[in-house]
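These are the residues of each chain, in order.
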Amino acid sequence: MNSVSVQEADFDVGAEIAALSAGRNDVGAVASFVGLVRADKLAGEGSEVSAMTLEHYPGMTEKSLEAIVLDAGSRWQLLGTRVIHRFGRLTPGERIVFVGVASSHRGDAFAACEFIMDYLKTRAPFWKKEDTPEGGRWVDAREADDSAAARWEAPAG
Amino acid sequence: MNSVSVQEADFDVGAEIAALSAGRNDVGAVASFVGLVRADKLAGEGSEVSAMTLEHYPGMTEKSLEAIVLDAGSRWQLLGTRVIHRFGRLTPGERIVFVGVASSHRGDAFAACEFIMDYLKTRAPFWKKEDTPEGGRWVDAREADDSAAARWEAPAG
Amino acid sequence: MSIKVLYFASLRETLGYSHETLTLPATIATLGDLRAHLAKRGGAWEALDVGRNVRMAINQEMAGADTAVADRDEIAFFPPVTGG
Amino acid sequence: MSIKVLYFASLRETLGYSHETLTLPATIATLGDLRAHLAKRGGAWEALDVGRNVRMAINQEMAGADTAVADRDEIAFFPPVTGG
């Protein structure tokens, strides 16, 4: 019921969400998240991003996503989890990542979905390079992501 | 960019999520939630639910959903919100409710989506009647839902 | 003063009414007054007694017992909501 | 002791290497030893100096400087991740 994919191809959000409850009647809640490429940069910086290229560490990426999903499953009551992360060249508006979590109850589904996203940002070996009019620029790790992940380090509620 | 529907018909989750970022490149995050009919009842009770009928208060329902969406928009930085709630007869595994929230940042999208669901459970005038082998039974309001909504009463973080 | 009153869900079934139009005596100023007035009908209407878990709305907004009732208001009585 | 070393993202570009296979002297016992050994190559390799923000993995798991390095390990150096 858990599945992780790292791929260049786009994915079908509706089909992925439907698959999390297909053929069963104990799923009451599916929380999901889609991350997309933003053209605008962080406040204070100037130029537009025309495209980005996501590099990853094949093998370790899948392993780390599977570990994150397993960790979520030990913290909340989940009935299924789906993670898809793309790599390669992506333009503004394109989907980058999908996380979908099925549970009997919405509290568990929401918490696990947000947890997986927070950890994915800080643990999964992906690196963004933005193509700007001034050339390629590797994105720095953001402190906001580190602190978002850190709040899960306390004993699970 | 905000839209609320109360309808008998099912909805297309993939199309709704896609619409929240279609034609724009400032959306970095779409958090969404799908609520489904569960066949199993709460722990401790016995029988299976074969179907349910959702009654609502036409007019007030739309008004209350729009108020909840507006409230969410005043608490977080959102770029679009979509709420769909079905009424009428629904069988196990069927979709009941959809909430989708677009934002630049995932924290705002997640928080607003969960906030809308919590309030929707406690404020929107919907009532569930379950068809069981023993006959129709109106579902009681659950304390868990009241306390989930109450945590948002504190000053917004 | 003429108002419309709606009843929903289990309350609608208990009372056997989905809606009614009422002309109110001048003694009824608030939603709480109206509720007591209806509960006094007795029988099934005791479901509106003060101790019962009934929610109220005026013109499609949740309202408390102290809220004033005005001519042509749309008033609703219903159990706690159980949506989503 | 023979190991495989991988470099990713900005570090890969700085060093001009995506991977290499190394035979290590016996004095190298830990990941920290290996990092210092590579940084001593000088020039671009100073990007691996202790003060720099570099993450490390052994056999596809994040690892710290004290982690022991063993024969046939797959070791990776990369900047902090920026996925999602």
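Residues numbered from 1 in each chain as written. Chains lettered and ligands numbered in written order. Predicted model: local features only at pLDDT ≥ 70, side-chain atom pairs only at ≥ 80, totals over all residues. Heavy atoms only, no water.

Our working rule: UniProt positions are given in the numbering used here, feature names are shortened, and annotations may be inferred rather than shown by experiment.
Per an unreviewed UniProt entry, the recorded name for chain C is Molybdopterin synthase sulfur carrier subunit, and the organism is Zoogloea oryzae. Looking at chain C in UniProt, the text filed under Sequence similarities (unreviewed entry) is "Belongs to the MoaD family."

1. A look at the relation of the copies chain B and chain A
Where we set the bar: A residue counts toward the fit only if its pLDDT is at least 70 in both copies, and the copies are then superposed by least squares on the C-alpha atoms of those residues. Residue contacts are defined here by distance: any two heavy atoms, one from each residue, within 4.5 Å place the two residues in contact.
The two copies are related by a screw motion: chain B maps onto chain A through a turn of 180 degrees and a shift of 0.0 Å along the axis, at an RMSD of 0.0 Å. Both copies of the chain, as the preceding transformation shows, are related through a two-fold rotation axis. Closest approach to the rotation axis among the C-alpha atoms of chain B is made by G14 of chain B, whose C-alpha sits 1.8 Å away. An overlap of 100% is found between the interface residues of chain B and their copies at the interface of chain A, pointing to a shared contact surface.

2. Examining the interface of chain B and chain C
It is common to give the size of an interface as the accessible area that goes away when the parts come together. How we decide: By buried area we mean how much accessible surface two parts lose on assembly, using a 1.4 Å probe and totalling the loss over both. By convention in these notes, a salt bridge is any Lys or Arg side-chain nitrogen within 4 Å of a carboxyl oxygen on Asp or Glu. Identification of polar contacts relies on pairs of N or O atoms within 3.5 Å, with a donor-acceptor requirement for protein atoms, meaning one able to donate a hydrogen and the other able to accept it, and with residues adjacent in sequence counted only if both atoms are side-chain atoms. For this classification, Asp, Glu, Lys and Arg are treated as charged, while Ala, Val, Leu, Ile, Met, Phe, Trp, Tyr, Cys and Pro are nonpolar and the rest, including Gly, are polar.
With 24 residues of chain B in contact, the opposing surface of chain C contributes 20 residues. Three residues, Y57, M60 and W127 of chain B, lead the burial of chain B against chain C; their summed loss comes to 35% of the area buried on that side. For the salt bridge of R12 of chain C with E55 of chain B, the shortest nitrogen-to-oxygen distance reads 2.4 Å. Summed over the shared surface of chain B and chain C, the number is eleven residue pairs in polar contact (both at pLDDT 80 or more). Here the residues of the side of chain B that touches chain C sort into 13 nonpolar, four polar and seven charged.

3. Concerning the interface of chain B and chain A
Stated formally: Strands here mean DSSP runs of E at least two residues long; helices mean DSSP runs of H or I at least four residues long; both are numbered from the N terminus.
Taken together, the contact pairs 35 residues of chain B with 35 residues of chain A. Here chain B meets chain A over a buried area of about 2800 Å², counting both sides, of which 56% is carbon and sulfur. Of all residues in chain B, the largest losses of buried area upon contact with chain A belong to R38, R106 and F110 of chain B, amounting jointly to 26% of the total for that side. Our enumeration of links across chain B and chain A arrives at two salt bridges. Put simply, chain B and chain A have nine residue pairs in polar contact (both at pLDDT 80 or more) between them. Elements with a minimum of two residues in the side of chain B that touches chain A: α1 (13-19), β2 (29-36), α3 (106-123) and α4 (143-150) of chain B.

4. Section: empty space enclosed by the protein
The test is simple: Each cavity reported here is a set of points on a 1 Å grid over the protein atoms alone in which a 1.4 Å probe fits but cannot get out, each pocket an open set with protein on both sides within 12 Å along at least five of seven lines, and each lining residue one with an atom within 4 Å of a point. Grid points are joined across faces, edges and corners, and a volume is the space filled by probe spheres set on the points.
Counted according to the given criterion, the structure contains two cavities of 30 Å³ or more. What lines the second largest cavity is simply I17, A18 and S21 of chain A together with V13, V34, L36 and R95 of chain B. Broken down by secondary-structure element, the contributors of at least two residues to the lining of the second largest cavity are α1 (13-19) of chain A together with β2 of chain B.

5. Focus on the arrangement of the chains
In this assembly, three pairs of chains are in contact, and the pair contributing the most contacts is chains A and B. Separated throughout, chain B and chain D approach each other most closely at a C-alpha pair spaced 10 Å apart. Considering only C-alpha positions, the minimal separation of the non-contacting chain C and chain D is 30 Å.

6. Let's talk about the packing of helix α2 (residues 60-75) of chain A against helix α3 (residues 106-123) of chain A
Residues and elements named next belong to chain A. Counted only if it meets this: All axes here are fitted lines through C-alpha atoms, helices being fitted over the stretch that makes contact, and every angle between N-to-C directions spans 0 to 180 degrees. The hand of a helix crossing depends on one turn: near helix anticlockwise from the far one by less than a right angle means left-handed, and clockwise means right-handed.
Interhelical geometry of α2 versus α3 gives an angle of 150 degrees and a closest axis separation of 10 Å. Viewed along their axes, α2 and α3 form a crossing whose handedness is right-handed. Residue-level inspection shows S64, L65, I68, D71, A72 and R75 of α2 in contact with α3, the latter providing A112, F115, I116, Y119, L120 and R123. For the contact of α2 with α3, a count of residues per class yields eight nonpolar, one polar and three charged.

7. As for the environment of F126 of chain A
Tracing the sequence through the fold places F126 of chain A in strand β7 (residues 126-132). When the C-alpha positions of F126 of chain A and Y57 of chain A are compared, they lie 7.0 Å apart, and in sequence the two are 69 residues distant. Sequence-distant contacts of F126 of chain A, defined by excluding residues within four places in its chain, comprise V6, L54, E55, H56, T61, H85, R86 and F87 of chain A together with V81, T82 and G83 of chain D.

8. Concerning the packing of α3 of chain A against α3 of chain B
We apply this condition: In this scheme, roughly parallel covers angles under 35 degrees and roughly antiparallel covers those over 145, while 65 to 115 is roughly perpendicular and the rest are oblique.
Relative to each other, α3 of chain A and α3 of chain B sit at 180 degrees, their axes nearing to 11 Å. On the basis of their axis angle, the class for α3 of chain A and α3 of chain B is roughly antiparallel. For the pair α3 of chain A and α3 of chain B, the contacting residues are R106, G107, F110, C113, E114, M117, D118 and K121 of chain A in the first and R106, G107, F110, C113, E114, M117, D118 and K121 of chain B in the second. By residue class, the composition of the contact of α3 of chain A with α3 of chain B is six nonpolar, two polar and eight charged.

9. A closer look at the packing of aromatic side chains
Counted only if it meets this: Two rings belonging to Phe, Tyr or Trp (six-membered ring only in the last case) form a pair when the distance between their centres is within 6.5 Å. Interplanar angles under 30 degrees mark stacking, angles over 60 mark edge-to-face geometry, and anything in between is tilted. Accessibility here uses a 1.4 Å probe with only protein chains present; expressed as a share of the type maximum, an area under 20% marks a residue as buried, one over 50% as exposed, and anything in between as partly exposed.
This model, assessed by the stated rule, comprises 24 aromatic pairs over all chains. Summarising the aromatic geometry, the rings of F11 of chain A and F98 of chain A are spaced 6.1 Å apart at their centres and angled 50 degrees between planes, so their arrangement reads as tilted. Taken together, the residues F11 of chain A in the loop between β1 (2-7) and α1 and F98 of chain A in strand β6 (residues 95-103) connect sequence positions 87 residues apart. F11 of chain A gets classed as buried once you look at its relative accessible area, which sits at 7%. The class for F98 of chain A is buried, based on a relative accessible area of 0%. Judged by centre distance (5.1 Å) and plane angle (20 degrees), the ring pair of F33 of chain A and F110 of chain B falls under stacked.

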